[in-house]
There are 2 protein chains.
Amino acid sequence: MSKHLQRDLENLKRDLLAMGSMVWDAIQRAMTALVDRRPELAAELLEVDDAIDAREVEIEEECLKLLALHQPVATDLRYIITVLKVNNDLERIGDLAVNIAERAVDLASDDPIPVALEFGGMVERVQAMVNGALDALVERDTELARRVLAMDDEVDALHRAMFATLQDVMREDPATVVRAVQSLSVSRHLERIADLATNIAEDVVFMVDGDLIRHQHELDGTADRP
Amino acid sequence: MSKHLQRDLENLKRDLLAMGSMVWDAIQRAMTALVDRRPELAAELLEVDDAIDAREVEIEEECLKLLALHQPVATDLRYIITVLKVNNDLERIGDLAVNIAERAVDLASDDPIPVALEFGGMVERVQAMVNGALDALVERDTELARRVLAMDDEVDALHRAMFATLQDVMREDPATVVRAVQSLSVSRHLERIADLATNIAEDVVFMVDGDLIRHQHELDGTADRP
């Protein structure tokens, strides 16, 4: 590998990890807005999301330049293509954080529903999945990628439990329907973030091992069931 | 452009359009399973989805080969990278069709909820968006891409109306909660398919004009609101 390519790949890695931090932070702020009922944080998050969007475009341009300039083949080519896809997934995670913050604004405008919703365990796992998937990518670490995949099942189970709880609330008190559906959306957005982290981890395994484990984790058969 | 590259790009176009047809068909089957209450169609759809997944992998490999072999720059490079991203979006649309079929299975196992849900207009627009976005890509037609973007607002409005209807049903009869939430999921899956078609159309405009209209349509501020 030429020294120039090596240096440019290092820069790309640094930029992608920086974007990962921004996305992690976006999830954090969105959940704080929700749990602490602080809708003003949602406005801040819009700025963070603009920065994430701008960063996505920069990283894509960086990848295109790398391809045009170094015309890499084999491993390097596959790595850069994977970064392009991951970059896209990270931007979508940023959007989902904004969607959560929007629900936080709605929910803060009314009384809390009469049940404690435990989002903590779900958020913790989702954030660990995002970090883990990115580390797995830049370190080309398939063991770590597979640990990320295993965590997706835990998030799905927590989402299912949240759905069961909210369903009971709605049945018992129809006045809670709107707020319960909004809370369910938050849970679903978190589950989708976990799915995107799963996509990243699957891409890493494919990139390193050539194993096709994509398309095994994607069916959400349980998501909207009791 | 070399004759070889031209020929390979033609093949790529043909394969991508074939994948687009498979995805269109998947949406069609999923909605038939739902509207006609024919859960047996869901099993068929799983096979269609497997074929879509396999096709996605083939197209990605085709793109990688094209990049390694022809080392294209400028317009051709950007086109191939766009195809890579679009390919990914199409595969996700296939997943969403499966998600709809899963809800169709759940809903067919119980009585219909006591309100007629009009999915027809939404599905028609969503399918037109998928076709339009793909045609815009292969014809490099930004006018068509912009028409696809405009349709996304119509789909959002229909999703909002669906949410309002279902909310009323749940409030009036709490026994409908599970089925109403499942029906709402179908509407949301359709809205997400429209978002993915929007992503494709935005990528086309960026590819052709260099205009950055990505990230203007993405905030779903209305999705879970009355």
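The coordinates are above.
One structure accompanies this document, and this report is about it. (Residues numbered from 1 in each chain as written. Chains lettered and ligands numbered in written order. Predicted model: local features only at pLDDT ≥ 70, side-chain atom pairs only at ≥ 80, totals over all residues. Heavy atoms only, no water.)

**Section: the overall build of chain A**
Reasoning step 1: When you go through chain A residue by residue, the secondary structure sums to six helices and zero strands.
Reasoning step 2: Scanning chain A from its N terminus toward the C terminus, one meets helices and strands in the order α-α-α-α-α-α.
Reasoning step 3: Seen along its three principal axes, the alpha-carbon backbone of chain A occupies a region of about 65 × 35 × 20 Å.
Reasoning step 4: The buried share of chain A, reckoned over its 226 residues, is 58%.
Reasoning step 5: Counting only contacts in chain A whose residues sit at least 6 apart along the sequence, the fraction spanning at least 24 positions is 83%.
Reasoning step 6: Surface summary for chain A: the accessible area is close to 8,900 Å², and the carbon and sulfur share equals 50%.
Reasoning step 7: Of the charged side chains in chain A, 24 are positive and 46 negative, and the gap between their average positions amounts to 3 Å. (Helix = DSSP H or I, 4+ residues; strand = E, 2+ residues; numbered from the N terminus. Buried < 20%, exposed > 50% of the residue type's maximum accessible area, 1.4 Å probe, protein only. Contact = heavy atoms within 4.5 Å. Areas by Shrake-Rupley, 256 points an atom, 1.4 Å probe, with all protein chains shown as cover. Lys, Arg positive; Asp, Glu negative; His and termini not counted. Charge placed at Lys NZ, Arg CZ, Asp CG, Glu CD.)

**Quick word on the interface of chain A and chain B**
Reasoning step 1: Counting residues at the interface gives 55 residues for chain A and 54 residues for chain B.
Reasoning step 2: Viewed at the interface, chain B and chain A are joined by six salt bridges.
Reasoning step 3: For Asp89 of chain A, the salt bridge is made with Arg92 of chain B, and the minimal N-O distance between the two is 2.8 Å.
Reasoning step 4: Connecting chain A to chain B are seven residue pairs in polar contact (both at pLDDT 80 or more).
Reasoning step 5: Counting residues per element, the ones that place at least two in the side of chain A that touches chain B are helix H2 (40–70), helix H3 (74–108), helix H5 (142–172) and helix H6 (177–209) of chain A.
Reasoning step 6: Broken down by element, the residue count for the side of chain A that touches chain B peaks at 15 residues, all from H3 of chain A.
Reasoning step 7: Tallied by class, residues from the side of chain A that touches chain B come to 23 nonpolar, ten polar and 22 charged. (Salt bridge = Lys/Arg side-chain N within 4 Å of Asp/Glu carboxyl O. Polar contact = N/O pair within 3.5 Å; in protein donor to acceptor, adjacent residues only side chain to side chain. Nonpolar A, V, L, I, M, F, W, Y, C, P; charged D, E, K, R; others polar.)

**Remarks on the nonpolar core**
Reasoning step 1: By size, the foremost hydrophobic cluster in this structure holds 151 residues, and its most contacted members are Leu90 of chain A together with Leu90 of chain B.
Reasoning step 2: Dropping the residues within four chain positions of it, Leu90 of chain B is found in contact with Leu16, Met19, Gly20, Val23, Val130, Leu134 and Ile200 of chain B. (Core = buried A, V, L, I, M, F, W, Y, C linked by side-chain atoms within 4.5 Å.)

**Section: the relation of the copies chain A and chain B**
Reasoning step 1: For these two chains of identical sequence, chain A goes onto chain B by a turn of 180° and a shift of 0.0 Å along the axis, with RMSD 0.0 Å. Taken together, these values place the two copies in the relation of a two-fold axis.
Reasoning step 2: Counting the interface residues of chain A, we find that 98% of their copies in chain B are interface residues as well, pointing to one common contact surface. (Least-squares fit on C-alpha atoms with pLDDT ≥ 70 in both.)

**Thoughts on unusual backbone geometry**
Reasoning step 1: Of note in the backbone geometry, Arg140 of chain A takes a positive phi value of approximately 50° without being a glycine.
Reasoning step 2: Position of Arg140 of chain A among the secondary structure elements: in the loop between helix H4 (120–139) and H5.
Reasoning step 3: Among the residues examined, Arg140 of chain A registers a relative accessible area of 35% and is labelled partly exposed.
Reasoning step 4: Positive phi, normally seen in glycine, also occurs at Gln71 of chain B, with a value near 40°.
Reasoning step 5: Residue placement: Gln71 of chain B occurs in the loop between helix H2 (40–70) and helix H3 (74–108).

**Regarding H2 of chain B**
Reasoning step 1: The terminal C-alpha atoms of H2 of chain B lie 46 Å apart, and with 31 residues this matches the ideal 45 Å at 1.5 Å per residue to within 8%.
Reasoning step 2: One or two residues past the end of H2 of chain B sits Gln71 of chain B, with phi positive at roughly 40°. (Expected span 1.5 Å × (residues − 1).)

**Brief notes about the packing of helix H4 (residues 120–138) of chain B against helix H6 (residues 177–209) of chain B**
Residue and element names in this part refer to chain B.
Reasoning step 1: Following both chains from N to C, one finds H4 and H6 inclined at 20°, their axes separated by 9 Å at the closest point. When the axes of H4 and H6 are compared, the pair comes out roughly parallel. Between H4 and H6 lies a crossing of left-handed hand. Counting all contacts with H4, which are made through Met122, Val123, Val126, Met129, Val130, Ala133, Ala136 and Leu137, the residues of H6 involved are Ser187, Leu190, Glu191, Ile193, Ala194, Ala197, Thr198, Ile200, Ala201, Val204 and Met207.
Reasoning step 2: Taken together, the residues of the contact of H4 with H6 sort by class into 16 nonpolar, two polar and one charged. (Axes fitted to C-alpha atoms, helices over the stretch in contact; angles between N-to-C directions. Parallel < 35°, antiparallel > 145°, perpendicular 65-115°, else oblique. Left-handed = near helix turned anticlockwise from the far one by under 90°.)

**Comments concerning the packing of H3 of chain B against H4 of chain B**
All names here are of chain B.
Reasoning step 1: It is at 11 Å that the axes of H3 and H4 come closest, and there the two elements cross at 165°. Relative to H4, H3 is oriented roughly antiparallel. Crossing handedness for the pair H3 and H4: left-handed. In this structure, H3 contributes Tyr79, Thr82, Val83, Val86, Leu90 and Ile93 to the contact, and H4 contributes Val130, Leu134, Leu137 and Val138.
Reasoning step 2: Among the residues forming the contact of H3 with H4, the class breakdown is nine nonpolar, one polar and no charged.

**Quick look at the packing of aromatic side chains**
Each aromatic ring pair is specified by the distance between its two centres and by the angle formed by the two planes.
Reasoning step 1: If you walk through the whole model with that rule in mind, you get zero aromatic pairs over all chains.
Reasoning step 2: One residue, Arg140 of chain A, lies across the ring of Tyr79 of chain A, its end atom 4.1 Å from the ring centre. (Phe/Tyr/Trp six-rings, centres within 6.5 Å; stacked < 30°, edge-to-face > 60°. Lys NZ or Arg CZ within 6 Å of the ring centre and 35° of its normal.)

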